[in-house]
Each structure stands twice: as structure tokens, then as C-alpha cells.
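Next come the chains, spelled out residue by residue.
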Amino acid sequence: MKPGNSIRRDATPGLRQSMSSLHTWVALLLGWVLYAMFLTGTVSYFREEISQWMRPELAPQVHAPDLALAAQRVADELKTMVPDSPQWSLMLPDARSNSVYAFWRTKRGPGGRFEDGRFDPATGKAIDARDTLGGDFFYRFHFQFYYLPIVWGRLLAGLAAMFMLVAIISGIITHKKIFIDFFTFRWGKGQRSWLDAHNALSVFGLPFHLMITYTGLVTLMALYMPWGQQLAIHTPTERQQLRAELSAFLQPDKATGQAHALASIEDMVRQAQARWGSGNIATVTVTNPNDAASRVSISRGEEGRVSMSPQYLLFEGSSGKLLETHDHVGPAAETRGVLYALHLGRFSDTATRWLYFLVSLAGTAMVGTGLVLWTVKRRQKLPDPDRPYFGLRLVEKLNIASIAGLSIAMAAFLWGNRLLPVGLPDRASSEIQVFFVVWATALVHAMLRPSKAAWVEQLWTATALLALLPVLNALTTSRPLWHSLANGDWVFAGMDLTCWALAALHAVLAVRTARHTRRVRPAVAKSESRRAAADPAPGEA
Amino acid sequence: MNRLMHRVRHAAPVASRIAAALFGGYGLAALGSIAPLALPVSKPQAVLAGMLASFVIYAGAVIWVFAASSARRAWAGLLVAAVPLLLAALPIWLQAGIS
């Protein structure tokens, strides 16, 4: 890229021109990363549902379990399973999940590490289902990717989010007629149509896109901006004060070494239920479970509030006595809690959740159309549009693999879930390998085929994989669509129907791409044609 | 050779702006995340308020850097904005260094 073309030193460009260049290059540089983050984040609004679909052995939840009993059962199980654990936490199920997620430190000291598992709320035993990461794979990929070390992944996600924020703001400044643009749509006009689609998608969801980008940064802000904390927070008491503003998670204190059984977790959860409602308990954390110094925190769920701020009861574990009640946090912490909750949308009811999904999908399409627009705009300025220069070809290929290819890879992940043998060792990782191998194959395919053919073939492949997924589900599980519809099994019925809707979307895109013929533009904007004439060759990439 | 020189001279201001945006912007945001510690509020609240504000500062700084009419002005603007934040942050910094 020859940046001198975009931002000129001598001739001072107008504000809108420099913002347009900024928008273009910032968005392009991490556009593919952002697209993948947007799409995996979008489906993560149905993370629990995807997880349920990927564990078809677990019966659909007919009514929510008694949380106090479920917590006690899993606590008993963990007592025998990991007796040396200095700390464990349970995430109790709600209407959307049918298992208890638990994670624990294996033992005290340097050899201890975190492990996790899912448990049946009815028995307390580890669930008996195929080994899979479920919807958590998309969820984690969304902010830390996969093969990267976690911290580096999160830093990359933060950088991408920051780029996104800059792209949004510079994009807004670029558009003088944002309202008129929104109601303008020029069908079948090549670059114009892409531009109009990009504008409509961006403006339609603008408040959401701004919110989701900023709140995304807020979710990991302590990693991105640790300086204030490093300067001001020194003593263990200060650290604990800050932590209590952010989460109900407890760090284990020193154990006394004096063994003492844990009092009834059930009773403690009942007290919390009396306070917040029977279904509105989020987590139970226990430190030093078999020691006289044990502590238990039980936190409030997100029903009826848009905030992730911790509200919790702290109990003495040995006696079950209530020690502290945390029912509010400071104003800055509450602001952070609300922003965090807005990002995750866990407070949503079904309708709100679908709205989140659809607007977020529009955001994904905003990034995707922007990436395509970049190539369309440059290709038609070429003296011979059929022989693009290297940079343009590269962007085109990466676009194909990261847009159409990602759809294929995500669908293949779900196929892998149904087709890999249940007894396969390390099965959960194998499912993920399927995802990455298929994605890499899509990239190779895009490199080898002419761009248009690659688009069409990959879009049809995604269509086929999505359209046949309900068929595969019917063949490999006892919960086919007619069964789930008849029994009101909305998780399975919803997955099947959504797959078909997404298949239809991909089919429309495939047909439109296949029909598309590049036209010689009759009226190239004058300045553009002049520039193309003056600087025909190595150009901007 | 001339062509190369021309390109370098052409690219230098842009490279300077990119550095100003990425690193200067982050530096300003980091200062902005420390400055609230000077406010008469509890430490956790000041720390969190600083973190929350920092991304807005960062984004604003990047926009400024590319909106300014020259790379030099872009840097100058960042420095001017840094002065009050630095004045607020400095005592805390020194205090932390001593304690």
C-alpha cells in the first residue's frame, strides 16, 4: 500500500477525506479478525442452546431444577472428587442450560491448576454426554481465539476492538448524509450497491455497534489498561476491595489446617433464594472447603437487572453463618457492571436475545460488506479488471476464506459434533481441529480457484452443510425436527430451523454472486478516472 | 534512487501519524486512566473510572491524529492534551514510587 495516496502531506485533505482513508485502512487491516469475532460473538448469544444441541444425550430441561438441591449435590460430588481442592465454583443452571458448570483448583500451591466439568443438577454426577466444548468454543474464540496463548489472544481481540471503535467513529464522520444514505439503495449497481448495503447495515445498527465495541473493551479492561490498578492497589486488603467490586469470586485465604466439614450449602442457597428469588442465583464459590477457615459466596443472577455487578452473600463455611452482604458496588463499578451486562446480554428474554442476534448479525454483515467493498471499488478502477495486482488478489482471497470459509468451518464444527465417534479420545479437541482444518482448506481453495468461482462454490458448500444439518441430526440423534416440534423441544427445533434460515441466506448470496456480471461502468466519477489514468499501475496496494 | 527518496519522504509523515495514533494514543489513554486517582473518591472507583474512560480517550486521540492538518500538529495536540493529565497523575506516580 502506498499510504501517500491516502493521506497527502502537501495538499491538505479535508476532514472527511482523511477520515475516509482512516476508516478504509483501519477496517481493512483487522477486518478479517473483526469479521470472525463478530460472527462467533453473534452465535454466542445462543451459546447455551448450541451447547445443549451439541450434547444431544442430555434430556431437554422440562422445568428448572431446584438450585439449592442442585448446588448441594454437586458440592457433595466435588468433595469426593477433588478433596484437596482449595477453591471451587459452581455456575448454577437457569432456564437456558441443563447442566451445572463447575471449575476448581486441583490443589494448593504451585502444582495446582484449574480443571472444569459439567454436572447433572438432578444427580450431582458428571454429565454422561459426548465430550465437547459446545457453544463455549465460539464464545471463547470470540475474545481469545484458539491456538494463541490466552493473553495474546485477548490482546489481539482488544486491538481489533480498538480498531473497530476508530473505524466506526471515522465512518460516521465520513458520512455527511447519514440519514439520507440510510434510505438510499441502488440495486444491481456494483460498487454503489455494496456501498449502500454497507451504509444501511451500519446505520441500522449504529448504536448497537458502538455499544458492543466499547463494552467489549470494557469486559477485559483490566488487561488492557492495568496502570491505575498497578499504581494504586498494593495491599491484599485493597486488592480484595477492588475484586469485590468486580466479581463474587473469592480467592482462598490461608487454611488453618484444622479440618472442618462444610455446613449445608443447600441452606445457604435457600437464604440467597429468599433474598433474590428462587431461580435467580448465579454462582456458588467455596474456598478451603474442608477447613475451619472455609468461606462461601453465593451471588445473585441477572434476572430483572441489566448489570453484572456482583451482589453476593458471604458465609462462614464451617457454620453456615452469614458474614457479609454485598448488595451494591460503587458508581464506577456499577457503570462497568451495566456495560458488561449489555455486552453479554445474559439478562435477555427470548425476544431480546433474538434482537441481539439479528443486530449483531447485521454488524457481521457490516464488516463483511466493508471488506468486499474494498475490493469491488479497486477492481473496477483497474485498466484490466480481470488481472488485478497482488494486493487486491490477496485481499479478495482472504475475504472469501474469512467470510464464506468461516460459515463452512462453523457448520463443519457442528457436523463434527455429530459424526466423530463418541468414544474418540480427546474428542472435544478433535471437533475443534475439524473447524480449523476445514477453514484452512477453504483458504487453500480460495487461493487455487478464480475469485468468483471460489465465492460461489464456498457459499453453496456452506448452504449445503447448513441445510443438511437438520437431516444429519435426525439420522444421528433421537431428536429429529418432527419430534422436537411435537414435544416443544425448542432448543433443538430452534437450531434446526435457524440452520435452514441461514442456509437460505447463503443460497441467496450464492445465486446473486453467480449471476453477477461485472459491467463496464458507463460513468466513472471524473476524479476517479483521472486518478486512475494518472497512476495506473502499482497503485494502492 | 530518487524515486525511493520520494517515497520515503512521502511515507514518513504517515508513519509518524501511525506511531502517534498507536503509541501516542495509548500513552495518552494510559495517563487518562491514572489521572482519576487524583479525584477524592475511593481507590477502586478511581481505578475503574480511569479504565472506563481510557478507551474513549484512545479513540479520540486516534481520530485527532488523523484529522490534524500535519503530523507535527498531531503530535503537538497529543502533548497538549497530556499536560493536564500528567499534572493530575504525577503526584500519584511520585507517591507510588516512594511508598
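Quantities reported herein were computed from a predicted structural model and do not represent experimental measurements. (Residues numbered from 1 in each chain as written. Chains lettered and ligands numbered in written order. Predicted model: local features only at pLDDT ≥ 70, side-chain atom pairs only at ≥ 80, totals over all residues.)

A.B. asks: Quick rundown of the interface of chain B and chain A? Include the residues and the values.
C.D. replies: Often, the extent of an interface is quoted as the loss of accessible area upon association of its parts. Counting residues at the interface gives 32 residues for chain B and 36 residues for chain A. At the level of secondary structure, the elements contributing two or more residues to the side of chain B that touches chain A comprise α1 (2-34), α2 (43-67) and α3 (71-98) of chain B. By residue number, the principal contributor to the side of chain B that touches chain A is α2 of chain B, which donates 18 residues. (Contact = placed C-beta atoms within 7 Å. Helix = DSSP H or I, 4+ residues; strand = E, 2+ residues; numbered from the N terminus.)

A.B. asks: Explain helix α17 (residues 427-448) of chain A residue by residue, including any values.
C.D. replies: Residues and elements named next belong to chain A. Taking 1.5 Å as the rise per residue, α17 with 22 residues should run 32 Å; its terminal C-alpha atoms sit 31 Å apart, in good agreement. Among all positions of α17, only Glu431, Phe435, Val438, Ala442, His445 and Ala446 are buried. Axial view of α17: buried residues confined to an arc of 100°, hence all on one face. When the buried face of α17 is taken as reference, the exposed residues oriented beyond 90 degrees from it are Ser429, Val444 and Leu448. (Expected span 1.5 Å × (residues − 1). Buried ≥ 20, exposed ≤ 12 C-beta atoms within 10 Å, placed from the backbone. Arc of directions from axis to C-beta.)

A.B. asks: Got a sec to walk through the domain arrangement of chain A? Specific residues and values, please.
C.D. replies: Residue and element names in this part refer to chain A. Taken domain by domain, chain A holds domain 1 (3-56 + 138-219 + 345-530) and domain 2 (67-131 + 246-338). For the side of domain 1 that touches domain 2, the elements supplying multiple residues, two or more each, are α3 (47-54) and α17. If one sorts the elements of the side of domain 1 that touches domain 2 by residue count, α3 sits on top with three residues. Each residue belonging to the side of domain 1 that touches domain 2 can be placed in one class, and the counts come to four nonpolar, one polar and five charged. (Domains from an automatic or database assignment. Nonpolar A, V, L, I, M, F, W, Y, C, P; charged D, E, K, R; others polar.)

A.B. asks: Any chance you could break down the confidence of the model for chain B for me, citing the residues and the numbers?
C.D. replies: Looking at chain B as a whole, the pLDDT averages 88, with 96% of positions reaching at least 70. The ipTM for the predicted assembly is 0.90, set against a pTM of 0.88. (pLDDT = per-residue confidence, 0-100.)

A.B. asks: Requested: an account of the environment of Glu302 of chain A, with residues and values cited.
C.D. replies: Residue and element names in this part refer to chain A. Take Glu302: it is sitting in the loop between β5 (295-300) and β6 (312-316). Classification of Glu302 as buried rests on a count of 20 C-beta atoms within 10 Å. Distance from Glu302 to Glu49, taken between C-alpha atoms, is 18 Å for residues 253 residues apart in sequence. Ignoring sequence-local partners within four residues, the contact set of Glu302 consists of Met308, Ala341, Arg346 and Phe347.

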